[in-house]
Every structure is written in C-alpha cells, then in structure tokens.
Amino acid sequence: GAGVSQSPSNKVTEKGKDVELRCDPISGHTALYWYRQSLGQGLEFLIYFQGNSAPDKSGLPSDRFSAERTGGSVSTLTIQRTQQEDSAVYLCASSLGGRAGRNTIYFGEGSWLTVV
Amino acid sequence: SQQGEEDPQALSIQEGENATMNCSYKTSINNLQWYRQNSGRGLVHLILIRSNEREKHSGRLRVTLDTSKKSSSLLITASRAADTASYFCATALAGGTSYGKLTFGQGTILTVHP
C-alpha cells in the first residue's frame with residue numbers, strides 16, 4: 001500500500017480480554033516501530049524491529065504486551081488480559097531502517113483502544 | 001523524566017503571526033526531529049536536524065539546535081489556520097543501545113485563529 005496501514009482503527013474491549021492490533025508497513029521498509037499515546041500525552045516507545053535482528057523490546061510496559069513480525073513485514077501487537085490503563089492510541093511506524101532519523105519514519109493512523 | 005520536553009504546552013495565535021515552540025532534552029543525541037499530529041492520530045514528519053547542524057529550513061519552518069544547551073526550537077512563520085495541530089520533538093539518542101527508536105516529548109498544542 002501507499003502508507004502504513006493499521007487495523008482495527010478503533011477497538012472497544014472488556015477488561016481482561018486479549019486484543020491483537022495489526023500493522024502493515026510500507027513495502028520494502030525493514031524497520032517497524034510500535035508506540036503508544038495516551039490521551040493528551042506524547043508518544044511512548046514500545047518495541048522496534050529491524051530486519052532479522054532481535055527486536056528492541058525495552059519499551060514494553062509489562063509481560064502482558066508482546067509483538068511479533070512475520071516474514072519481515074506485517075506485525076501484530078498483542079495485549080493480554082487488558083486493563084483500563086491500556087486504553088490509548090497504538091501507533092505503528094516504518095522506515096527503510098538504520099539509525100532513527102537516517103530515513104524518514106512514516107506513521108500509520110493508529111489503533112484507538114478503549115478498555116471498559 | 002522525559003528526554004524531550006516542549007514548551008509551551010499550548011500556544012494560541014492569530015493567522016499571520018509566527019509561532020515558536022521549544023524543546024529541551026537531557027542526553028546526547030544523534031539527531032532531533034519535529035513531527036506534527038492532527039486530531040490525535042498519525043504523525044507527519046516535518047524536519048530533521050542532525051547534532052552537527054545548527055539551523056535548517058523547510059518552507060515556512062525553521063528549526064534551530066543548540067547542543068550546548070540541549071535545546072531546539074521550531075519556528076513557523078506566517079502561520080495559517082491549517083497549521084493548527086500538535087507538534088512534537090523527538091530525539092534519536094547517540095550511541096548504540098537505542099539505535100532505532102525515537103524518544104518523544106509531550107508536545108505543544110498550536111491553535112491558529114483565522
């Protein structure tokens with residue numbers, strides 16, 4: 001596609017349920033990022049994939065959060081046993097890779113998660 | 001504490017005026033970037049300035065970087081109502097441990113009144 005595609009765009013889930021958020025990066029982009037943004041706040045880094053290297057998971061807030069990237073393309077962010085504090089916009093981004101800033105990072109429109 | 005902190009948190013101006021937003025950071029950086037976000041959704045990259053640069057221009061945007069003060073500013077000249085958005089600075093840290101990620105500030109909400 002022309003840009004980074006995320007689905008679903010909006011998700012309402014009950015506390016305790018698991019959710020999966022999907023990101024389809026720009027074709028050919030080797031780097032993929034997940035960020036989280038709570039209402040009125042800045043972006044919080046979650047995880048970064050670069051090619052076949054081990055992902056940088058340093059931003060995942062708890063072991064309820066996990067992400068994978070299959071075939072170096074599509075990525076899925078999974079939140080298990082969701083809590084109300086998980087409510088946020090989850091933003092995916094991709095780039096041609098390399099050090100952050102070497103190549104422009106393109107963001108998707110985000111998946112707005114509401115845990116009730 | 002945040003690596004990047006913007007001020008002001010909110011800025012309200014009239015169309016045609018200039019808007020200046022500031023960003024401060026704490027640790028050495030490889031580069032600093034400014035992003036724009038409309039309506040709390042996807043971010044759009046505006047401009048990148050490297051640690052060895054002091055000023056960059058792009059259209060009506062001017063970014064400065066002072067590494068001695070660990071600060072950057074974004075100037076939007078001749079603002080338009082369409083410039084209304086949130087603006088974030090993001091830093092790419094120097095060194096190898098944070099090679100891929102950007103660290104974002106809390107953002108400045110800019111409102112330009114017609």
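Look up: the structure comes first, before these words.
Parameters at a glance
- Residues numbered from 1 in each chain as written.
- Chains lettered and ligands numbered in written order.
- Predicted model: local features only at pLDDT ≥ 70, side-chain atom pairs only at ≥ 80, totals over all residues.
- Heavy atoms only, no water.
- Contact = heavy atoms within 4.5 Å.
- Buried area = accessible area lost by both parts, 1.4 Å probe.
- Salt bridge = Lys/Arg side-chain N within 4 Å of Asp/Glu carboxyl O.
- Polar contact = N/O pair within 3.5 Å; in protein donor to acceptor, adjacent residues only side chain to side chain.
- Helix = DSSP H or I, 4+ residues; strand = E, 2+ residues; numbered from the N terminus.
- Nonpolar A, V, L, I, M, F, W, Y, C, P; charged D, E, K, R; others polar.
- Buried < 20%, exposed > 50% of the residue type's maximum accessible area, 1.4 Å probe, protein only.
- Pairing = 2+ DSSP bridges.
- Phe/Tyr/Trp six-rings, centres within 6.5 Å; stacked < 30°, edge-to-face > 60°.
- Core = buried A, V, L, I, M, F, W, Y, C linked by side-chain atoms within 4.5 Å.
- Disulfide = S-S within 2.5 Å.

Tallying the contact residues gives 26 residues for chain A and 25 residues for chain B. Interface of chain A and chain B: buried area, both sides summed, is about 2,000 Å²; carbon and sulfur atoms make up 49% of it. Taken together, the links from chain A to chain B amount to zero salt bridges. The interface formed by chain A and chain B holds two residue pairs in polar contact (both at pLDDT 80 or more) in total. Broken down by secondary-structure element, the contributors of at least two residues to the side of chain A that touches chain B are strand S4 (31–37), strand S5 (43–50) and strand S8 (88–95) of chain A. In the side of chain A that touches chain B, the residues fall into eleven nonpolar, eleven polar and four charged.

In regular strands, side chains alternate between the two faces of the sheet. Residue and element names in this part refer to chain B. Burial along strand S2 (residues 10–14) is one-sided: the face carrying Leu-11 and Ile-13 is buried and the face carrying Ala-10, Ser-12 and Gln-14 is not. Sheet analysis places S2 next to strand S11 (residues 108–113), joined by five bridges and oriented parallel. In the strand pairing of S11, Leu-11 is matched with Leu-110.

Taken as a whole and judged by the stated rule, the model has eight aromatic pairs over all chains. An angle of 50° between the planes, with centres 6.0 Å apart, marks the rings of Tyr-35 of chain A and Phe-107 of chain A as tilted. With Tyr-35 of chain A in strand S4 and Phe-107 of chain A in strand S9 (residues 106–107), the pair connects residues that are 72 residues apart, well separated along the chain. In this structure, Tyr-35 of chain A and Phe-107 of chain A share a single accessibility class: buried. Aromatic rings pair up to connect Tyr-33, Tyr-35, Phe-45, Tyr-48 and Phe-107 of chain A together with Tyr-35 and Phe-104 of chain B into one cluster.

Right, let's talk about the nonpolar core for a bit. Core analysis: the largest hydrophobic core is formed by 22 residues, its most contacted members being Met-21, Leu-32, Trp-34, Leu-74, Ile-76, Tyr-87 and Leu-110 of chain B. At the level of elements, S2, strand S3 (19–25), strand S4 (29–37), strand S5 (43–50), strand S7 (61–66), strand S8 (71–76), strand S9 (85–93) and S11 of chain B are the ones that each hand at least two residues to this core.

Here the focus is the side chain of Ser-72 of chain B. All names here are of chain B. For Ser-72, the position within the fold is in strand S8. Look at Ser-72 and you get buried, because its relative accessible area is 3%. In this structure the side chain of Ser-72 is engaged in a polar contact, spanning 3.2 Å, whose partner is the side chain of Trp-34. Contacts of Ser-72, omitting those with residues within four sequence positions, involve Met-21, Asn-22, Cys-23, Leu-32, Trp-34, Val-63, Thr-64 and Leu-65.

Attention now moves to the environment of Glu-5 of chain B. Residue and element names in this part refer to chain B. Mapped onto the fold, Glu-5 is located in strand S1 (residues 4–7). Between the alpha carbons of Glu-5 and Cys-23 there is a distance of 5.3 Å; along the sequence they are 18 residues apart. Those residues in contact with Glu-5 that sit more than four places away from it in its chain are Asn-22, Cys-23, Ser-24 and Lys-26.

Residue and element names in this part refer to chain A. In the structure shown here, the tally under the stated rule is five salt bridges over all chains. Across the pair Arg-22 and Asp-24 runs a salt bridge, and its minimum N-O distance is 3.7 Å. You can call Arg-22 partly exposed: its relative accessible area is 40%. Asp-24 gets classed as partly exposed once you look at its relative accessible area, which sits at 29%.

Below, the discussion takes up the state of the cysteines. Overall, the coordinates contain two disulfides over all chains when judged by the stated rule. Across a sulfur-sulfur distance of 1.9 Å, Cys-23 of chain A and Cys-92 of chain A are joined as a disulfide pair. Looking down the S-S bond of the Cys-23 of chain A and Cys-92 of chain A bridge, the torsion is -70°, so its handedness is left-handed. Of this pair, Cys-23 of chain A sits in strand S3 (residues 19–24) while Cys-92 of chain A sits in strand S8, and the two are 69 residues apart along the sequence. The same class applies to Cys-23 of chain A as to Cys-92 of chain A, namely buried. Across the disulfide, Cys-23 of chain B is cross-linked to Cys-89 of chain B (sulfur-sulfur distance 2.0 Å). Between Cys-23 of chain B and Cys-89 of chain B, the S-S dihedral sits near 65°, and the bridge is therefore right-handed. Taken together, the residues Cys-23 of chain B in strand S3 and Cys-89 of chain B in strand S9 connect sequence positions 66 residues apart. You can call Cys-23 of chain B buried: its relative accessible area is 2%. What makes Cys-89 of chain B buried here is its relative accessible area of 0%.

Limitation: the analysis is restricted to geometry and does not speak to function.
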